[in-house]
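Observations on the model geometry
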Amino acid sequence: MPHRPITVSGVEVTPLCDAVGPMGAAIRRPLAEMFPGSGLQDEQWVLHFHCYLIRDAAGRLTLVDTGIGGADSPAASWAPVPGTLAGELAAAGVAPAEIGTVVLTHLHSDHASGVVTDGRPAFENARYVLQQAELDAARGPVLDRLVTPIKGQLHAVDGDAEVSPGVHVRLAPGHTPGHQIARVGEVAMTGDLVLHPVQLDDPAIRYVYDDDQETAARTRAEVLSALRAERAILATAHFGEPFLRLQESSRHDV
Ligand SMILES: [Zn+2]
Ligand SMILES: [Zn+2]
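Described in the following lines is the structure provided in the data block. Small disclaimer: the values here were computed from a predicted structure and weren't measured. (Residues numbered from 1 in each chain as written. Chains lettered and ligands numbered in written order. Predicted model: local features only at pLDDT ≥ 70, side-chain atom pairs only at ≥ 80, totals over all residues. Heavy atoms only, no water.)

**A closer look at the nonpolar core**
Leu63, Leu89, Ile99, Val102, Leu107 and Phe123 are the most contacted members of the largest nonpolar core, which totals 26 residues. Secondary structure elements with two or more residues in this core: strand E3 (46-55), strand E4 (61-64), helix H2 (85-91), strand E8 (127-131) and helix H5 (140-147). Of all the elements, H5 adds the most residues to this core, at three residues. Excluding anything up to four places from it in sequence, Phe123 contacts Leu63, Thr66, Leu85, Leu89, Pro96, Ile99, Val102, Gly114, Val115, Tyr128 and Gln153. By size, the runner-up hydrophobic cluster in this structure holds 20 residues, among which are Val8, Val157, Met189 and Ala235. (Core = buried A, V, L, I, M, F, W, Y, C linked by side-chain atoms within 4.5 Å. Buried < 20%, exposed > 50% of the residue type's maximum accessible area, 1.4 Å probe, protein only. Helix = DSSP H or I, 4+ residues; strand = E, 2+ residues; numbered from the N terminus. Contact = heavy atoms within 4.5 Å.)

Shown next, in the form of structure tokens:
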């Protein structure tokens with residue numbers, strides 16, 4: 001079932017839990033290797049895979065990220081497929097055709113695989129919003145199986161943009177070249193800007209699967225510091241809790 005929604009500035013944000021599970025053996029490593037210098041003990045890391053549904057006062061619907069996809073998804077080698085996004089949307093009372101905008105934070109297979117169902121666009125009436133830099137970097141199965149089928153519905157942006165009234169995207173590169181975050185009111189849907197809560201206490205802690213670890217660390221520090229200053233609500237893809245109110249100090253509420 002979807003997590004409980006919150007309402008900010010007259011806009012409802014509902015976390016949709018596409019899947020919960022550990023990384024598969026293809027890419028799993030001890031936590032201390034995934035987050036070098038973190039001092040994390042070697043315990044199983046259970047990831048949640050959250051997407052976020054935004055419903056504004058006029059009823060317009062925006063979906064942020066599309067999850068891990070079906071059993072044959074490009075994420076199947078490492079993520080707990082199939083994802084349950086379709087059922088989560090149905091439980092929230094939404095049909096795929098009602099989604100007007102899909103924001104993809106980036107093109108990793110656990111965020112973008114739900115753009116298609118059986119090779120066809122899963123959200124037939126939506127614009128799919130991506131940063132141009134992310135599109136430029138797309139290769140292999142992600143390009144062939146996810147981007148090409150939605151070609152006619154792509155909406156590329158470059159940097160900051162308002163993609164639906166009150167819904168903004170902002171380039172936050174490093175995890176991938178064109179990684180972006182989405183904002184609505186005081187909520188920041190941050191994709192893979194932060195992977196593990198240990199990076200809230202120390203944004204300099206790197207993640208081994210960030211494409212450009214130095215840029216990712218710099219972006220993480222800058223964005224988190226700005227979000228802390230406004231005591232924003234962080235909505236991550238992979239934490240257990242879908243919302244977390246940032247405090248001004250580096251200590252956080254969980
Ligand atoms: Zn990612
Ligand atoms: Zn991810």
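**Some thoughts on the coordination of the zinc ion (ligand 2)**
Protein-derived ligands of the zinc ion (ligand 2) are Asp110 (OD), His111 (NE2), Asp192 (OD) and His238 (NE2), with the metal-ligand distances lying across 2.0 to 2.3 Å. Each of the four donor atoms around the zinc ion (ligand 2) contributes to a set of angles spanning 89 to 149°, which defines the coordination as irregular. The distance between the zinc ion (ligand 2) and the zinc ion (ligand 1) comes to 3.5 Å, and Asp192 binds to both of them. Separated by 82 residues along the polypeptide, Asp110 in helix H3 (residues 109-112) and Asp192 in the loop between strand E13 (187-189) and helix H6 (198-201) bring together distant segments of the chain. Look at Asp192 and you get buried, because its relative accessible area is 3%. (Donors = N, O, S within 2.8 Å, 3.2 Å for Na, K, Ca; no water. Tetrahedral: all angles 85-135°; square planar, octahedral: opposite > 155°, others 65-115°.)

**Things to note about the packing of aromatic side chains**
Pairs of aromatic rings are described using the distance from one ring centre to the other and the angle between the two planes. Tallying each qualifying case throughout the model produces six aromatic pairs. Seen in terms of ring centroids, Phe35 and Tyr207 are 5.1 Å apart; in terms of plane orientation they differ by 25°. Their pairing is stacked. With Phe35 in the loop between helix H1 (31-34) and E3 and Tyr207 in the loop between H6 and helix H7 (213-229), this residue pair connects regions lying 172 residues apart in the sequence. For Tyr207, a relative accessible area of 4% translates into the label buried. A centroid spacing of 6.3 Å and a plane angle of 80° characterise the contact between Trp45 and Tyr207, whose relative ring orientation is edge-to-face. Of this pair, Trp45 sits in the loop between H1 and E3 while Tyr207 sits in the loop between H6 and H7, and the two are 162 residues apart along the sequence. (Phe/Tyr/Trp six-rings, centres within 6.5 Å; stacked < 30°, edge-to-face > 60°.)

Spatial relationships are all this shows, so hold off on functional conclusions.
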